[in-house]
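Close look at the chain arrangement
Chain residues, written in single-letter form:
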Amino acid sequence: MSKKISSNRKIDRAYYWMAVPAAVLFAIFLYVPFIQGVAYSFTNSQGYGDFKWIGFKNYIALFQDARVGNAYIFTIFIAIIITVLINAISMFLAVALNGKIAFKNGFRAIFFIPYTLSVLVIGYVFKYIFMQPLPEIGKALNIAWLSESMLTSEQYSWIPIVFLAVWQGVAYTVLIYLAGLQTIDSEIYEAASLDGVNAWQNFWKITFPLIGPFFTINLVLTMKNALSTFDQIVALTDGGPNSKTESVTFLIWKGGLTGGEYAYQTANAVLFFIMLAVIAFIQLKFFGSKEKV
C-alpha cells in the first residue's frame, strides 16, 4: 500500500525549477571547460591560433620531464607535512577551545582571523619577515642555518611555504573540529570521570573516535588544499631557488599561461586531477571503513 502511494505521489515542479538552472550553470562553467581542457591536452595548442591533434605525446613527455617529476615530489612532500601539522595543531586547539576556559569565544575569533586574510597579501608580509628580521635574529643567536634567509636556500626554502600554509590552514580546520566536539554529549565525559579515566584516555577512547567523521573531512580537505599549494609559493619564493619550490599547480600556471606550454600543462593538469581524485578516494575509503568499525 505504501509503495503505491509513494509511486503515485506528485513531485512539486518548483524543485525542478530550482535544481535544473543550477545544474545547467555547473555544466556551463565547470564541466564544459573541463572537457575542453581534456581535449586540448591531446593537441599541440599554445592557447591561441591553429593546433593539431598529437594523441598521447603530451602525456608521454610528462613522464620523461625531470622538472615535472620534481614538482610532483615536492608537492607530495610538503602536502604530507602540511596535512599532518594542520590536523595535529587544529585538533589540539579545538579541544582546548572547547574546554572550560575564560574568553573562549574571543580566542576562537583570534584563531580564525588568518583564514580571512588574503594569502598573497599576508605572504608578502611573511616574505619580509623571512628575508630581514629572522636572519638578523639568527645572527644574534649564532644559529648558522637561520642566519641566512631560508627563502634563498635550496635546502630550507620549503619551510616558509609550509609555515604559511599551516598558519592559514589551521583556522578553518579548527572550526570543523569544534563543530564535531559540540556533537559529543557531556554526560559521556561525566560517566568516564566516575570510572577514573584520565585526560589522555578521555581523548583517545572517547573524543577522537566520536569525531571520526570530522577528522575524515578535515583530512581530505587539508590534503587537497596542501596538494594545490600555489599562492604561498608565488608570494614567497616564486618557485625558486633553482626551481626547488615549484609545486604542480605553480608549474601548470607558469608553463601553461606564461611559458607557451598550454596544451602540455593542460595534460599535466588532467594528470594532477586524476591524482587528486585517487588520493581523495583512498582517504575516504580507508577512514570511512575505520569509522564504521
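Cut-off values and rules
Residues numbered from 1 in each chain as written. Predicted model: local features only at pLDDT ≥ 70, side-chain atom pairs only at ≥ 80, totals over all residues. Heavy atoms only, no water. Helix = DSSP H or I, 4+ residues; strand = E, 2+ residues; numbered from the N terminus. Expected span 1.5 Å × (residues − 1). Buried < 20%, exposed > 50% of the residue type's maximum accessible area, 1.4 Å probe, protein only. Salt bridge = Lys/Arg side-chain N within 4 Å of Asp/Glu carboxyl O. Phe/Tyr/Trp six-rings, centres within 6.5 Å; stacked < 30°, edge-to-face > 60°. Core = buried A, V, L, I, M, F, W, Y, C linked by side-chain atoms within 4.5 Å. Contact = heavy atoms within 4.5 Å.

**Observations concerning the environment of Gln 132**
Along the polypeptide, Gln 132 turns up in the loop between helix 6 (119–131) and helix 7 (133–140). Considering only alpha carbons, one finds Gln 132 and Glu 148, 16 residues apart in sequence, at a separation of 9.2 Å.

**Quick word on helix 12 (residues 212–227)**
Its 16 residues give helix 12 an end-to-end C-alpha distance of 22 Å, which sits within 8% of 22 Å, the value for a rise of 1.5 Å per residue. All of the buried residues in helix 12 are Gly 212, Phe 215, Thr 216, Asn 218, Leu 219, Val 220, Thr 222, Met 223, Ala 226 and Leu 227.

**Some thoughts on the pattern of salt bridges**
As enumerated under the stated definition, the model contains two salt bridges in all. Residues Glu 246 and Arg 67 are paired through a salt bridge, measuring 2.5 Å at the closest nitrogen-oxygen approach. Of this pair, Glu 246 sits in the loop between helix 13 (231–236) and helix 14 (248–257) while Arg 67 sits in helix 4 (residues 66–97), and the two are 179 residues apart along the sequence. Note on Glu 246: relative accessible area 3%, which makes it buried. When the shortest N-O distance is used, the salt bridge between Glu 136 and Lys 139 registers 3.9 Å. Taken together, the residues span about one helical turn, with Glu 136 and Lys 139 both in helix 7 at a distance of three residues. Looking at Glu 136, the relative accessible area reads 46%, which means it is partly exposed. The exposure class assigned to Lys 139 is partly exposed, which follows from its relative accessible area of 45%.

**Remarks on the packing of aromatic side chains**
In this structure the tally under the stated criterion is 23 aromatic pairs. Judged by centre distance (6.1 Å) and plane angle (45°), the ring pair of Phe 203 and Phe 208 falls under tilted. On the basis of relative accessibility, which here comes to 23%, the residue Phe 208 falls in the partly exposed class. By the ring-pair criterion, three or more aromatic residues cluster together here, those being Trp 200, Phe 203, Trp 204, Phe 208 and Phe 215.

**Some details on unusual backbone geometry**
Glycine aside, residues mostly have negative phi angles, and peptide bonds mostly take the trans form. With an omega dihedral of -5°, the bond running from Gly 240 to Pro 241 counts as a cis peptide bond. Take Pro 241: it is sitting in the loop between helix 13 and helix 14. At Asp 238, a position not held by glycine, the phi torsion is positive, near 55°. Along the polypeptide, Asp 238 turns up in the loop between helix 13 and helix 14. In this structure, Asn 242 is a non-glycine residue whose phi angle is positive, near 55°. Along the chain, Asn 242 turns up in the loop between helix 13 and helix 14.

**Side note on the nonpolar core**
If you look at the biggest cluster of nonpolar residues, it comprises 51 residues, and the most contacted ones within it are Ile 82, Val 174, Leu 227 and Phe 272. Elements represented by at least two residues in this core include exactly helix 3 (57–64), helix 4, helix 6, helix 9 (158–181), helix 12, helix 13, helix 14 and helix 15 (262–292). The element that contributes the greatest number of residues to this core is helix 4, accounting for twelve residues. Not counting residues within four places of it along the chain, the set of residues in contact with Phe 272 comprises Tyr 72, Thr 75, Leu 227, Ser 228, Val 248 and Thr 249.

Shape descriptors only; they carry no functional weight alone.
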